[in-house]
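One-letter residues, chain by chain:
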Amino acid sequence: MTISIDQAGRLKTEKTKLTTTLPTTVYLAKDRTRPVVVGMRITNFSAGTVTAAVALYDAAAAGDFQLTGTVSIGANDALELAGVPLALLDNDAIRMTAGTANSLDVVVTALEGV
């Protein structure tokens, strides 16, 4: 995938450690930045397989839309979610639920200000 960045846009990376098994916001669209999420990496740094699920929270609809079902990530392995950019509006969010607390790191990259 090729990403062109003009002077109006900038890449931003958000990093989150999932410390709970409750849905956790890993990226939030705010301040009229009109972000486009271009990639996400979920890394399991534990010694066992961990499940995860990713959802797009639509603030206007006040609900989640699943981006993945429940996926398994093997011990010391990672899952890349890329391919289709996600355009977000104010207060939309990417939320993640881990099957095991304190086992997953999430890195989300977005182009903001487009």
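For the overall build of the protein chain, give the residues involved together with the corresponding values.
Helix and strand counts for the protein chain come out as zero helices and 10 strands. Here the C-alpha radius of gyration of the protein chain, 14 Å, is about what a compact globule of 114 residues would show, namely 13 Å. With respect to the principal axes defined by its C-alpha atoms, the protein chain has extents near 45 × 30 × 20 Å. Counting the 114 residues in the protein chain, one finds 34% classified as buried.

So what's going on with the side chain of Glu112? Residues and values would help.
Along the chain, the position of Glu112 falls in strand E10 (residues 104-112). Residue classification places Glu112 among the buried residues on the basis of a relative accessible area of 5%. A distance of 2.5 Å separates polar atoms of two side chains, one belonging to Glu112 and the other to Tyr27.

An account of the nonpolar core is needed here, citing residue identities and associated values.
Formed by 20 residues in total, the largest nonpolar core has its most connected members in Ile42, Ile94, Met96, Leu104 and Val106. Elements with a minimum of two residues in this core: strand E2 (24-28), strand E3 (36-44), strand E4 (50-58), strand E9 (93-98) and E10. In contact with Ile94, other than residues within four places in its own chain, are Thr24, Thr25, Val26, Tyr27, Val37, Met40, Val54, Ala55, Leu56, Leu67, Leu86 and Leu88.

Requested: an account of the confidence of the model for the protein chain, with residues and values cited.
The predicted model of the protein chain has a mean per-residue pLDDT of 91, with 93% of residues at 70 or higher. The weakest mean pLDDT in the protein chain belongs to strand E8 (residues 86-87) at 94; the strongest belongs to strand E6 (residues 71-73) at 98.

Describe the side chain of Thr16, naming the residues involved and giving the relevant values.
Within the secondary structure, Thr16 sits in strand E1 (residues 10-18). When neighbours within four sequence positions are excluded, Thr16 is seen to be in contact with Thr24, Val26, Leu104, Asp105 and Val106.

Residue-level account of the environment of Leu22, with values.
Structurally, Leu22 can be placed in the loop between E1 and E2. For Leu22, a relative accessible area of 55% gives the class exposed. In this structure the C-alpha to C-alpha distance between Leu22 and Ile73, which are 51 residues apart in sequence, comes to 18 Å. The contact partners of Leu22, leaving out residues within four places of it in the chain, are Met96 and Thr97.

I'd like a rundown of the pattern of salt bridges, residues and numbers included.
Under the defined criterion, the tally for this structure stands at five salt bridges. Two residues, Glu112 and Arg10, come together in a salt bridge whose shortest N-O distance is 3.2 Å. Taken together, the residues Glu112 in strand E10 and Arg10 in strand E1 connect sequence positions 102 residues apart. Since its relative accessible area comes to 48%, Arg10 is described here as partly exposed. Between Glu80 and Arg41 there is a salt bridge, with its nearest N and O atoms 2.5 Å apart. Here Glu80, found in strand E7 (residues 78-81), pairs with Arg41, found in strand E3; they are 39 residues apart in sequence, far enough to count as distant. Judged by relative accessible area, Glu80 falls into the partly exposed class, the value being 47%. Residue Arg41 is classed as partly exposed on the basis of its relative accessible area, which comes to 38%.

Conventions used here
Residues numbered from 1 in each chain as written. Predicted model: local features only at pLDDT ≥ 70, side-chain atom pairs only at ≥ 80, totals over all residues. Heavy atoms only, no water. Helix = DSSP H or I, 4+ residues; strand = E, 2+ residues; numbered from the N terminus. Rg over C-alpha atoms; globule rule 2.2 N^0.38 Å. Buried < 20%, exposed > 50% of the residue type's maximum accessible area, 1.4 Å probe, protein only. Polar contact = N/O pair within 3.5 Å; in protein donor to acceptor, adjacent residues only side chain to side chain. Core = buried A, V, L, I, M, F, W, Y, C linked by side-chain atoms within 4.5 Å. Contact = heavy atoms within 4.5 Å. pLDDT = per-residue confidence, 0-100. Salt bridge = Lys/Arg side-chain N within 4 Å of Asp/Glu carboxyl O.

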